[in-house]
Amino acid sequence: MSKVIAIANQKGGVGKTTTAVNLAACMASVGKKVLIIDVDPQGNTTSGLGIDKRRCVKTVYECLIDNVPMDEVMLPTQYDNLFVCPSNINLSGAEIDLISIMGRENQLKNSIRPIREDFDFIFIDTPPSLGLITINTLTAADSVLIPIQCEFYALEGVSQLTNTIRRVKEALNPKIEIEGVLLTMFDSRTNLSIQVVDEVKRFFPNKVYKTIIPRNVRLGEAPGFGQPVIYYDNSSKGAEGYMSLTREMLGGVV
């Protein structure tokens, strides 16, 4: 059975989508069968994998609101072992539409259940908010990976996220845990980045990955070409960073 990992932080611009796309692609590249579910109405994960979100007839919206089976919605990408359940702007209305649904917090979990056996990993890219879509994600997930950028106010709002995870654990999903904390956009030339690393390690003792994702031009360019960075520039520092994270998460077995 697959492990379902939510990638969450309600603060925007911390590298959630970058992490979702590139971690999923790296896992798939080492032979793991991976599904990435895009639950952000911006659909950047979908387009970052080379899928034209404007042409998607069915998206995760239909899974959440109309109970359309996920295997009817998910699409193969151009990369071996990697599939995506796409999103587009239609999902922006889901927060309101979910309100009237009985058991609304479980809609995503119910959609995932029939296809869990088919994958090694299911990653869920969340929107920068703590609304009903994110609550659905946390209810469906086994664990949460929290990207935190090495910049000013790095931990701003993170306590709100951890409180939300705690409440979901108490009321909806007793098994959920923090998978790990990933430091992103690290610049070794600045004292600030180094200070943020120390601060995050104090806030999350024993939860911070050894791998740190550097600030990297290639990581920023790759989505514009609809490619994960390991296919856009496999020798870049960004590609090396996400492959290192993959090895770390798999216990160094690749």
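Thresholds, definitions, all that
Residues numbered from 1 in each chain as written. Predicted model: local features only at pLDDT ≥ 70, side-chain atom pairs only at ≥ 80, totals over all residues. Heavy atoms only, no water. Helix = DSSP H or I, 4+ residues; strand = E, 2+ residues; numbered from the N terminus. Rg over C-alpha atoms; globule rule 2.2 N^0.38 Å. Buried < 20%, exposed > 50% of the residue type's maximum accessible area, 1.4 Å probe, protein only. Contact = heavy atoms within 4.5 Å. Areas by Shrake-Rupley, 256 points an atom, 1.4 Å probe, with all protein chains shown as cover. Lys, Arg positive; Asp, Glu negative; His and termini not counted. Charge placed at Lys NZ, Arg CZ, Asp CG, Glu CD. Phe/Tyr/Trp six-rings, centres within 6.5 Å; stacked < 30°, edge-to-face > 60°.

Participant: Got a sec to walk through the overall build of the protein? Specific residues and values, please.
Facilitator: Along the protein, the regular secondary structure elements total eleven helices and eight strands. For the protein, whose C-alpha radius of gyration is 17 Å, the value lies close to the compact-globule estimate of 18 Å for 254 residues. With respect to the three principal axes, the spread of C-alpha positions in the protein is 50 × 40 × 30 Å. Residues counted as buried form 53% of the 254 residues belonging to the protein. Within the protein, contacts between residues separated by at least 24 positions form 78% of all contacts whose residues are at least 6 apart in sequence. For the protein, the accessible area works out to roughly 11,400 Å², and carbon and sulfur atoms hold 50% of it. Across the protein, the centroid of the 26 positively charged side chains sits 4 Å from that of the 28 negatively charged ones.

Participant: I'd like a description of the packing of aromatic side chains, backed by residues and values.
Facilitator: For the coordinates displayed, the defined rule picks out six aromatic pairs. Their ring planes at 75° and their centres at 5.8 Å tell us that F83 and F119 sit as a pair that is edge-to-face. Of the two residues, F83 sits in strand β4 (residues 82–85) while F119 sits in the loop between α5 (107–112) and β5 (121–125), which places them 36 residues apart along the sequence. With a relative accessible area of 4%, F119 lands in the buried category. Plain terms: the ring middles of F225 and Y232 are 5.1 Å apart, the flat faces sit at 25° to each other, and that makes the pair stacked.

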